[in-house]
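# Chains, contacts and geometry: an overview
If you want the building blocks of each chain, they are given just below.
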Amino acid sequence: MMVVDYKGVNAPAMEEAAKRIKVSKTTQSRIGEVDFNNLVFGKKYADHMLVADFDGRDWHDAQILPFQNLSISPSNAAWHYGQAIFEGIKAYKDQEGRPMIFRPYDNYNRFNLSAERMGMPSVPEWLFIGGMARLISLDRDWIPTGEGCSLYLRPFMIAADEFIGVRPSETYKFVIINSPSGAYFNKPIKLLVQDKFIRAFPGGVGYAKAAGNYGGAMYPTMQARKQGFDQILWVDGMEHKYLQECGTMNVFTIIGNKALTPDLTQGTILAGVTRASVMTLLEDMGLTVEERPVSIDEIVVAWKDGTLREVFGTGTAASVAYVEQLDYKEHSIRLDPSHYDVGAEVIKRLDAIRTGKAQDARGWNFVIN
C-alpha cells in the first residue's frame, strides 16, 4: 500500500483521499522513452493520471490509473459552451530526493475561484490536494532534476453533460495529468504591446483560469509571432494603456529601486502564484514593490530617462522570463538581459526554495515523504 506523509496539512482530508481514491498501477512504464536531458515543455506525460466524476451532488469514482485517452461524447457541453478551467503547478525534488509540490494550496484556492466564476462545482481538498499527492508519489521517478526542469502538473475540469442546451452542465469531470518539462522559454523574449485586441474587461472572467481566456488570445498572438514577437503584453480595454498581463505570465518592471506590477483590483488579470512569490522575494531583496495601475507611458518615460532597468514575466510554466524587447506603437524598447541583476537574484532564490537548497521559511513547499 502506498504511504504518503502529509505532515502539516489537513489530515482528515488526506485520510479521505486514501479511502476514496482507487489506485491502478501501470504494468508497463513509459519512462524509458523519455530523454530527460532534452525535455521540451508539455510534450511527454507520466505513467499515471487522476480522474473523478461529479454527478450533480458529489464527486465519485476517483481513481489513479495509467495515462490514457478519455472517451467523451460529441455532444459534451464543454465542446460547445466552454465550461473548462485548469491550473498549472510544479513539483520538484529536494536534496534528499523527496518530491515537493510548490504552493499547491494557492492553486487549489484559485481553481475553486475559477470554478465558481464559470458556474462549476468546487473540488474538495481530498481530491485536489490529496489526489495530487498520491499521484506524484506514484510518479515520483518522472520528476526531472536538471536545471530549469520540473514535473508540470495540469489539473483541469470540464463540463460532462451530453446536452447541447445552453445552461450550466450538471455533471463534470476532474483530471490531473503530469508532464516532465524543461524551460518554457529558453531565451529572453520579445513582447508586443497589444492595444487593438482586448483580453479582459472588469466584470469578465480575466481573473479566472478559464480555457476561453487563452482561446481568445490565440489569433492576436499568432499575428504578433508573424511579426517576430514571442508574446503579447495586454493592456486594459478602457484606455488601452494600463498593463494587464502577458499571454502566459504576469509582468514586472524594475524602475530605479522599485518593482512595479499591475494590481488585481479590476479582476482582469490572473492572481499568479509565481507573481505572489516573486513579490515577496523582491521585498526580501530590499526593493519597494508597488502593486498598482502601471501605464505603458510610464514605462516609455523610464526607458527614455534611463531608469528602466528590467522587464520580466512570471508564471508557473515560464517561471521568470526576461524581456529583451518591448514594442509599443512607434517605440521599440530594447533591454540587455545580461545585466538583469534583480531578475537573476529572483530566479536564484526561487529555485533554491523550490529544490530544497534554501530554507523554506514560509512553508511554500508541500513535501511528500
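Residues numbered from 1 in each chain as written. Predicted model: local features only at pLDDT ≥ 70, side-chain atom pairs only at ≥ 80, totals over all residues. Heavy atoms only, no water.

## Side note on the overall build of the chain
How we decide: Put simply, DSSP H or I for four residues or longer makes a helix, DSSP E for two residues or longer makes a strand, and each gets a number counted from the N terminus. The globule rule used for comparison is 2.2 Å times the number of residues to the exponent 0.38, while the radius of gyration itself is calculated over C-alpha atoms. Exposure is judged per residue with a 1.4 Å probe applied to protein chains only, and the accessible area is read against the type maximum: over 50% gives exposed, under 20% gives buried, and values in between give partly exposed. Pairs of residues are marked as contacts when any of their non-hydrogen atoms sit within 4.5 Å.
Secondary structure summary: the chain contains nine helices and 18 strands in total. Its C-alpha atoms give the chain a radius of gyration of 21 Å, within 12% of the compact-globule value 21 Å for 369 residues. Summarising its shape, the C-alpha atoms of the chain cover approximately 65 × 55 × 35 Å along the three principal directions. For the chain, the proportion of its 369 residues judged to be buried stands at 54%. Taking the contacts inside the chain whose residues are at least 6 apart along the sequence as the reference set, 73% of them involve residues at least 24 apart.

## Quick word on the pairing of strand β14 (residues 288-291)
Our working rule: Only strands joined by at least two bridges in the DSSP assignment are considered to pair. For the handedness criterion, the strands are oriented away from the viewer, and a crossover whose path from the first strand over the helix to the second runs clockwise is classed as right-handed.
Two strands pair when backbone bridges link them, and strand β13 (residues 258-261) and β14 are joined in this way by four bridges, in the parallel orientation. Looking at the pairing, Leu260 lines up with Glu290 of β14. With helix α7 (residues 273-284) bridging β13 and the parallel β14, this β-α-β connection has right-handed handedness.

## Looking at the environment of Ala361
With respect to the helices and strands, the residue Ala361 is situated in the loop between α9 (341-354) and β18 (365-367). For Ala361, a relative accessible area of 62% translates into the label exposed. Sequence separation of Ala361 and Ser319 is 42 residues, and the distance between their C-alpha atoms is 20 Å.

## Observations concerning the packing of helix α1 (residues 11-20) against helix α4 (residues 125-138)
To be explicit about the condition: Here an angle of 0 to 180 degrees is reported between the N-to-C directions of two axes, which are lines fitted to C-alpha atoms, with helices fitted over the stretch in contact. Working definition: roughly parallel below 35 degrees, roughly antiparallel above 145 degrees, roughly perpendicular at 65 to 115 degrees, and oblique for all remaining angles.
With their axes 8 Å apart at the nearest point, α1 and α4 run at an angle of 70° to one another. When the axis of α1 is compared with that of α4, the two are roughly perpendicular. Every residue of α4 that contacts α1 at Ala13, Met14, Glu16, Ala17, Ala18 and Arg20 is listed here: Glu125, Trp126, Ile129, Gly130, Gly131 and Arg134.

## Looking at the nonpolar core
Worth spelling out the cut-off: Residues belong to a common nonpolar core when they are buried Ala, Val, Leu, Ile, Met, Phe, Trp, Tyr or Cys residues joined through side-chain atoms within 4.5 Å.
Trp59, Leu127, Phe128, Met157 and Phe174 are the most contacted members of the largest nonpolar core, which has 57 residues in total. The element that contributes the greatest number of residues to this core is α4, accounting for nine residues. Of all hydrophobic cores here, the second largest spans 46 residues; its members include Phe185, Val193, Met249 and Met279.

## Points about α9
For clarity, the threshold we go by: Working rule for helices: expected span equals 1.5 Å times residues minus one.
Counted at 1.5 Å a residue, the expected span for α9 with its 14 residues is 20 Å, and the 20 Å between its end C-alpha atoms agrees. Inspection of α9 places Val342, Gly343, Val346, Leu350, Ala352, Ile353 and Arg354 among the buried residues, and these make up the whole buried set. Phi for Gly356, located one or two positions after α9, is positive at around 75°.

## Brief notes about the side chain of Asp263
The condition that has to hold: His is not counted here, nor are the chain ends, while Lys and Arg score as positive and Asp and Glu score as negative. Take a side-chain nitrogen of Lys or Arg and a carboxyl oxygen of Asp or Glu: if they are within 4 Å of each other, that pair is a salt bridge.
Position of Asp263 among the secondary structure elements: in the loop between β13 and α7. Buried charge Asp263 goes without a salt bridge, the closest partner of opposite sign being Arg275 at 7.1 Å. Ignoring any residue separated from it by four or fewer positions in sequence, one finds Asp263 in contact with Ile269, Arg275, Glu291, Arg292 and Pro293.

## A look at helix α6 (residues 218-226)
The condition is simple: Our arc is simply the arc of the directions from the helix axis toward the C-beta atoms.
Turning to α6, its buried residues are Pro220, Thr221 and Ala224. Take α6 and look down its axis: the buried residues cluster within an arc of 100°, on one side only. Along α6, the residues that are exposed and aim more than 90 degrees away from the buried face are Met218 and Lys226. Contacts made by the buried residues of α6 are with β9 (189-194) and β10 (231-235). Just beyond α6, the residue with positive phi is Gly228, at close to 100°.

## Description of the pattern of salt bridges
What the rule picks out here adds up to 19 salt bridges. In this structure, the salt-bridge partner of Arg20 is Asp58, at a minimum N-O distance of 3.3 Å. Placement of Arg20 in helix α1 and of Asp58 in the loop between β2 (48-54) and β3 (59-66) is noted, with a sequence separation of 38 residues between them. You can call Asp58 partly exposed: its relative accessible area is 38%. Where Arg362 meets Asp284, a salt bridge forms, and the shortest distance between an N and an O atom there is 3.0 Å. A residue pair is termed long-range when its members are at least 10 positions apart, and Arg362 in the loop between α9 and β18 and Asp284 in helix α7 qualify at 78 residues.

## Points about the environment of Tyr242
Mapped onto the elements, Tyr242 comes out in the loop between β10 and β11 (243-246). Residue classification places Tyr242 among the partly exposed positions, given a relative accessible area of 26%. Put simply, Tyr242 and Arg292 are 50 residues apart on the chain and 9.8 Å apart in space, counted from C-alpha to C-alpha.

## So, the confidence of the model for the chain
Cut-off, in case you're wondering: As a per-residue quantity, pLDDT reports the predictor's confidence and falls between 0 and 100.
Taken as a whole, the chain shows an average pLDDT of 94; of its residues, 98% reach a score of 70 or greater. When the criterion is pLDDT under 50, residues 1-7 qualifies, and its contacts beyond four places in sequence or with other chains add up to 18 contacts.

## Some words on the packing of aromatic side chains
Spelled out, the test is: The criterion for an aromatic pair is that two Phe, Tyr or Trp rings (for Trp, the six-membered ring) have centres within 6.5 Å, with stacked assigned to planes under 30 degrees apart, edge-to-face to planes over 60 apart and tilted to the rest. For a lysine, the NZ atom is tested; for an arginine, the CZ atom; a charge sits over a ring if that atom is within 6 Å of the ring centre and within 35 degrees of the ring normal.
Tallied over the full model, the rule gives 18 aromatic pairs. For the pair Tyr105 and Tyr108, a centre-to-centre distance of 6.3 Å together with 90° between the ring planes defines the contact as edge-to-face. Of the two residues, Tyr105 and Tyr108 both sit in helix α3 (residues 104-117), three residues apart, roughly one turn of that helix. By relative accessible area, Tyr105 is classed as partly exposed at 25%. With a relative accessible area of 12%, Tyr108 lands in the buried category. For the pair Phe128 and Phe174, a centre-to-centre distance of 5.9 Å together with 35° between the ring planes defines the contact as tilted. Of this pair, Phe128 sits in helix α4 while Phe174 sits in strand β8 (residues 172-181), and the two are 46 residues apart along the sequence. A relative accessible area of 0% places Phe174 in the buried class. Chaining the aromatic ring pairs together yields one cluster made of Phe54, Trp59, Tyr105, Tyr108, Phe111, Phe128, Tyr172 and Phe174. Of note, Arg354 hangs over the ring of Phe102, and the distance from its end group to the ring centre comes to 5.9 Å.

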